[in-house]
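Single-letter residue listing:
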Amino acid sequence: MNILAIDTSNYVMGVAVLKDGTVAGEYVTNMKKNHSIRLMPAIDQLMEETGTKPEELDRIAVAHGPGSYTGVRIGLTTAKTMAWALGIPVVGISSLEAVARQGAFFDGYVCPFFDARRGLVYTGLYDSSMTVVMEETNILMEDWLNQLKELDRPVLFLSQDIAVHEERIKEVLGEKAVIPAAPYQFARPSILADVAVDREPGALHDLVPNYLRLPEAEVKWLEQQEKQ
């Protein structure tokens, strides 16, 4: 099975090609640059370098959020458009799960998160088998840490935004908090592709962004409607 994986849900942009269980190629960057301009050239280059023709793809895997509203839409739109044109399925995978799988061999709980500003984070909790222990949510980091503090096992924290919350994590959880080196903090698109091998794809047009909260503009619009 040949799979193209795409992740533009955050600052990290990743593209990978998996061929019959082997990672043929992977491209990852962590830069504050426009994914809409860089994504298709990255896909084209990787497909060419791995000798993969579009018609040879069997499915596409994409991180469908949470994360950057714009980034999530770019990845989903690209994946769904390519899949529709090629007549192949798309597998949507949580952006948090993609990060969590970096800690799949950790003997404890795995906590991926993305900073959502104003003290909030997108987060969830997994065990080493990648079973969901606490559902994904948008929550104040302080409240989340107080919940994790009550657990009886160490917690591995994984995030591109680890520096924003690292000090407070250590203050609240102490020795229970485990923070690995930088290379483990970013999602790998090849892991997305690997997950997609056994994940059942849904209907193409049913795949929508998983924002976990409404965009601020939509919240304000709804508030205005309620006042009318």
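Residues numbered from 1 in each chain as written. Predicted model: local features only at pLDDT ≥ 70, side-chain atom pairs only at ≥ 80, totals over all residues. Heavy atoms only, no water.

1. Brief notes about the confidence of the model for the protein
- On average, residues of the protein score 92 in pLDDT, and 93% of them reach the 70 mark or higher.
- Every residue in residues 217-223 scores below 50 in pLDDT, and together they form two contacts with partners more than four places removed in sequence or on other chains. (pLDDT = per-residue confidence, 0-100. Contact = heavy atoms within 4.5 Å.)

2. Quick notes on the sheet that holds strand 7 (residues 120-126)
- With respect to topology, five strands assemble into an open sheet ordered 8-7-6-9-10, the strand pairing being mixed. Edge positions in the sheet fall to strand 8 (132-140) and strand 10 (177-178), since each has one partner strand and no second.
- As paired elements, strand 9 (residues 155-158) and strand 10 share two bridges and run parallel to each other. When the bridges of strand 10 are listed, L156 appears paired with V178.
- Taken strand by strand, helix 5 (residues 162-173) contacts strand 6 (109-115), strand 7, strand 9 and strand 10, and its axis lies near 135° from that of strand 6. (Pairing = 2+ DSSP bridges. Helix = DSSP H or I, 4+ residues; strand = E, 2+ residues; numbered from the N terminus. Axes fitted to C-alpha atoms, helices over the stretch in contact; angles between N-to-C directions.)

3. Quick notes on the pairing of strand 5 (residues 90-93)
- When strand 4 (residues 59-63) meets strand 5, the two strands line up parallel, connected through four bridges. Each residue of the ladder has a partner; that of V62, found in strand 5, is G92.
- As a crossover connection, the stretch from strand 4 through helix 2 (residues 69-86) into strand 5 is right-handed. (Right-handed = clockwise from strand over helix to strand, strands pointing away.)

4. Remarks on the packing of helix 4 (residues 141-149) against helix 5
- One can describe the packing of helix 4 onto helix 5 by two numbers: an axis separation of 10 Å at closest approach and a directional angle of 35°. Between helix 4 and helix 5 the crossing geometry is right-handed. Of the residues in helix 5, those touching helix 4 at M141, E142, L145, N146, L148 and K149 are H165, R168, I169, V172 and L173.
- Residues of the contact of helix 4 with helix 5, tallied by class, amount to six nonpolar, two polar and three charged. (Left-handed = near helix turned anticlockwise from the far one by under 90°. Nonpolar A, V, L, I, M, F, W, Y, C, P; charged D, E, K, R; others polar.)

5. Details of the sheet that holds strand 4
- Reading across from one edge, 3-2-1-4-5 is the order of the five strands in this open sheet, with mixed pairing throughout. Since the sheet does not close on itself, it has two edges, and those belong to strand 3 (22-30) and strand 5, each with one partner. Going from strand to strand, the sheet's axes swing by 15° on average, the running direction of each strand aside.
- In this fold helix 6 (residues 189-198) packs onto strand 1 (2-7), strand 2 (12-19), strand 3, strand 4 and strand 5, with an angle of close to 130° to the strand it touches most, strand 1.

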